[in-house]
Amino acid sequence: MFQKILIANRGEIALRVLRACKELGIQTVVVHSTADADAMHVRLADESVCIGPPPSRDSYLNIHQIVAACEITGADAVHPGYGFLSENAKFADILAAHNITFIGPSGDHIRIMGDKIEAKRTAKRLGIPVVPGSDGAVTDQKEARRIAAEIGYPVIIKASAGGGGRGMKVALTEADLEIALQTASTEAGAAFGDDAVYIEKYLEKPRHIEVQVFGDGFGRGVHFGERDCSLQRRHQKVWEEAPSPALNAEERARIGGICAKAIADLGYSGAGTIEFLYENGEFYFIEMNTRLQVEHPVTEAITGIDLVHEQIRVASGGGLSVKQEDIKFNGHAIECRINAEDPRTFTPSPGTITHFHTPGGLGIRVDSGVYSGYKIPPYYDSLIGKLIVHGRNRVECMMRLRRALDEFVVDGIKTTLPLFRDLVGNADIANGDYDIHWLEKYLAGEE
Ligand code: ADP
């Protein structure tokens, strides 16, 4: 087991990882920018190292500084959290070259899944169902027209290097195709330095369902069930739940089994998420994330298993603490992402939190790094906390969520709490009857 883990992240996830390390008796080092000197995880860590000024590229993305911090403090492993360097293959390779363990998969696996065209090809080879579309990158209009006609409109043009919902354009008919191809490719070039794009069938009313997987480092793969993250705004998840209200036990076992086998065949090590769109009883792979997800706590709530403990165990060579048959699903869990944003326009609302009161009671978990008097720096993403609620079934979970949202107080800034208070009283949400477009329509007053 590791003696000392360096946490290369900030905010709620840095605290989340720190808690797991403390439970396992592992010393912790956190790195932080000058803007985060007062952060909770900095206060709670055994050691902290300031690695630079506020902009992420000078601090949380500065590989040299982070490696230097490992060497100075004698950390033997790095947990990257999510975002920042968590899916940076070069970072994983550099750590390996310095004999520091990256708590995540190999650089090669990150590389395959980071390139969406390559990821889709790999998924197909491993027997995972994919969205019908081009086999690889599409460069000329003629080829695009041929493929689109073959799969049928509408189609979506996606950036191979894409992420965070950027670089995607929908073409409803052939008349839109030329512009969609051009803009997606130009946007991708500007945002990711790689203008390769590919074409997929655009699914009109899918749900977003993702499967939590783990490779144990010894060639075995398991799945921890699915999460339904269909409630999205601008392709960003807002509310996540497990299990999906749309799946039955047989479908869950089928898709879970396919994913676990793929992970084993790939020789993957650590945590991963295989994302699908789900429509008319069919699953379509869209991408795989090679890291811990923001929404991992809903899986922890229904399985009772600490996924960060498992990541650390696997990375240290100790394997998983559970086999597939030990993973049992119990009840229902929902996570609400509480952002420092206007609940209608979603414009960021940094500033000082004058009062912060979190709900409690049975089945309530709040993962947050903020506190009364905390000043939210304007440099990073606006997630300030996650409310995760568990109940024996979805009805009980929703009752508890409504009560917990009533108790939650964040004063001094705007947050997305009022949006969740509205959603929890909505009939479609109560019935679990929503697809990936539902929230946008609701916000536009159409639902
Ligand atoms: P990113 O890595 O940028 O998040 P994804 O491929 O995961 O991109 O897609 C993000 C979201 O975009 C999905 O959750 C879904 O809402 C939408 N999307 C992606 N592909 C399709 C598709 N083929 N049809 C319909 N919607 C799609």
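Residues numbered from 1 in each chain as written. Predicted model: local features only at pLDDT ≥ 70, side-chain atom pairs only at ≥ 80, totals over all residues. Heavy atoms only, no water.

**Student:** I tried to follow the site of the ligand on my own but got confused; where do I start?
**Tutor:** Among the 20 residues in the neighbourhood of the ligand, the closest are listed as Lys116, Gly165, Glu200, Lys201 and Glu287. Residue histidine 208 places a side-chain N or O atom 3.1 Å away from an oxygen atom belonging to the ligand. Take glutamate 275: an N or O atom from its side chain is 3.4 Å from an oxygen atom of the ligand. (Near = heavy atom within 4 Å. Polar contact = N/O pair within 3.5 Å; in protein donor to acceptor, adjacent residues only side chain to side chain.)

**Student:** Would you explain unusual backbone geometry in this entry?
**Tutor:** Glycine aside, negative phi is the norm for most residues, and most peptide bonds take the trans geometry. A cis geometry characterises the amide bond from tyrosine 153 onward to proline 154, with omega recorded as -5°. In this model, alanine 242 is joined to proline 243 through a cis peptide bond whose omega is -10°. Tracing the chain through its elements places proline 243 in the loop between strand 11 (236-242) and helix 9 (249-266). Residue asparagine 280 is not a glycine yet carries a positive backbone phi of 45°. Along the polypeptide, asparagine 280 turns up in the loop between strand 12 (269-279) and strand 13 (282-289). (Helix = DSSP H or I, 4+ residues; strand = E, 2+ residues; numbered from the N terminus.)

**Student:** It is not clear to me how the sheet that holds strand 11 should be interpreted in this structure. Could you clarify?
**Tutor:** Each strand in a sheet pairs with its neighbour through backbone hydrogen bonds, running either in the same direction (parallel) or in the opposite one (antiparallel). Read across the sheet, eight strands follow the order 13-12-9-10-11-14-19-17 without closing on themselves; strand pairing throughout is antiparallel. The open sheet is flanked by strand 13 and strand 17 (364-368), the only strands paired with a single partner. Averaged over all adjacent pairs, the angle separating strand axes in this sheet is 25°, with direction ignored. Bridge analysis of strand 12 against strand 13 gives seven bridges, and the strand direction is antiparallel. (Pairing = 2+ DSSP bridges. Axes fitted to C-alpha atoms, helices over the stretch in contact; angles between N-to-C directions.)

**Student:** Looking at this structure, I do not really get helix 5 (residues 107-114). What am I missing?
**Tutor:** One full turn of an α-helix is made of 3.6 residues, so residues set three or four places apart face in the same direction. Three or more residues of helix 5 are buried, namely Gly107, His109, Ile110 and Met113. With its buried residues spanning 165° around the axis, helix 5 presents them on a single face. Taken together, the buried residues of helix 5 touch helix 4 (89-97), strand 5 (101-102), helix 6 (116-125), helix 9 and strand 13. (Buried < 20%, exposed > 50% of the residue type's maximum accessible area, 1.4 Å probe, protein only. Arc of directions from axis to C-beta. Contact = heavy atoms within 4.5 Å.)

**Student:** Mind showing me how you'd approach the environment of glutamate 300 here?
**Tutor:** Mapped onto the fold, glutamate 300 is located in helix 10 (residues 296-303). We classify glutamate 300 as buried; its relative accessible area is 7%. It is 28 Å that separates the C-alpha atoms of glutamate 300 and isoleucine 376, two residues lying 76 residues apart in sequence. Those residues within four positions of glutamate 300 in sequence are excluded, and the remaining contacts are Arg16, Ile305, Asp306, Leu307, Val308 and Arg365.

**Student:** Just checking my understanding: could you explain the packing of helix 1 (residues 11-23) against helix 11 (residues 307-315) for this structure?
**Tutor:** What describes two packed helices is the angle between their axes and the distance between those same axes. Viewed as axis vectors pointing N to C, helix 1 and helix 11 meet at an angle of 65°, and their least axial separation amounts to 9 Å. Here helix 1 is positioned roughly perpendicular relative to helix 11, judged by the angle of their axes. Of the two possible hands of crossing, helix 1 and helix 11 adopt the one that is right-handed. Contact residues: helix 1 offers Arg16, Val17, Ala20, Cys21 and Glu23, while helix 11 offers Leu307, Val308, His309 and Ile312. Class assignment of the residues belonging to the contact of helix 1 with helix 11 gives a composition of six nonpolar, one polar and two charged. (Parallel < 35°, antiparallel > 145°, perpendicular 65-115°, else oblique. Left-handed = near helix turned anticlockwise from the far one by under 90°. Nonpolar A, V, L, I, M, F, W, Y, C, P; charged D, E, K, R; others polar.)

**Student:** Help me out: how do you make sense of the state of the cysteines in this one?
**Tutor:** Put plainly, two cysteines are in a disulfide when a covalent bond ties their sulfur atoms together. According to the stated counting rule, one finds zero disulfides in the structure shown. Lacking any disulfide linkage, cysteine 259 is separated from the closest cysteine sulfur, that of cysteine 229, by 14 Å. Note on cysteine 336: no disulfide assigned, nearest cysteine sulfur contributed by cysteine 397 at a separation of 9.0 Å. The exposure class of cysteine 336 is buried, given its relative accessible area of 0%. (Disulfide = S-S within 2.5 Å.)

**Student:** Which parts of the structure should I look at to understand the pattern of salt bridges?
**Tutor:** Pairs may arise between side chains of opposite charge once their charged atoms sit close together. The final tally for this structure, using the stated rule, is 33 salt bridges. Between arginine 291 and glutamate 87 there is a salt bridge, with the nearest N and O atoms lying 2.9 Å from each other. Of this pair, arginine 291 sits in the loop between strand 13 and helix 10 while glutamate 87 sits in the loop between strand 4 (77-79) and helix 4; the two residues are 204 residues apart in sequence, bridging distant segments of the chain. Classification of arginine 291 by relative accessible area gives buried; the value is 17%. Of the charged contacts, one joins arginine 252 and glutamate 226 as a salt bridge, the two residues approaching to 2.8 Å between their closest N and O atoms. Within this pair, whereas arginine 252 is found in helix 9, its partner glutamate 226 is found in strand 10 (residues 221-233), the two being separated by 26 residues in sequence. (Salt bridge = Lys/Arg side-chain N within 4 Å of Asp/Glu carboxyl O.)

**Student:** I'm lost on the packing of aromatic side chains in this one. Help?
**Tutor:** Here a ring pair, both rings aromatic, is described through the centre-centre distance and the interplanar angle of the planes. A complete count under the given rule lists eleven aromatic pairs for this structure. Aromatic pair phenylalanine 276 and phenylalanine 283: ring centres 5.6 Å apart, planes at 75°, arrangement edge-to-face. Both residues of the pair, phenylalanine 276 and phenylalanine 283, belong to the buried class. Grouped by ring-pair contacts, the aromatic residues Tyr60, Phe84, Tyr379 and Tyr380 constitute a single cluster. A cation over a ring is seen here: arginine 207 above tyrosine 434, with NZ or CZ 4.5 Å from the ring centre. (Phe/Tyr/Trp six-rings, centres within 6.5 Å; stacked < 30°, edge-to-face > 60°. Lys NZ or Arg CZ within 6 Å of the ring centre and 35° of its normal.)

**Student:** Just to check I follow, could you spell out the side chain of glutamine 212 for this structure?
**Tutor:** Considering the arrangement of structural elements, one finds glutamine 212 in strand 9 (residues 207-216). Residue classification places glutamine 212 among the buried residues on the basis of a relative accessible area of 1%. For glutamine 212, the side chain forms a polar contact with the main-chain oxygen of glycine 272, separated by 3.2 Å.

**Student:** Help me out: how do you make sense of the side chain of glutamine 293 in this one?
**Tutor:** Inspection of the secondary structure assignment puts glutamine 293 in the loop between strand 13 and helix 10. Using a relative accessible area of 1% as the deciding quantity, one classes glutamine 293 as buried. Within the structure, the side chain of glutamine 293 is placed 3.3 Å from the side chain of arginine 291, a separation counted as a polar contact. Setting aside anything within four residues of it in sequence, one finds glutamine 293 in contact with Tyr82, Glu210, Arg227, Lys237, Thr273 and Glu275.

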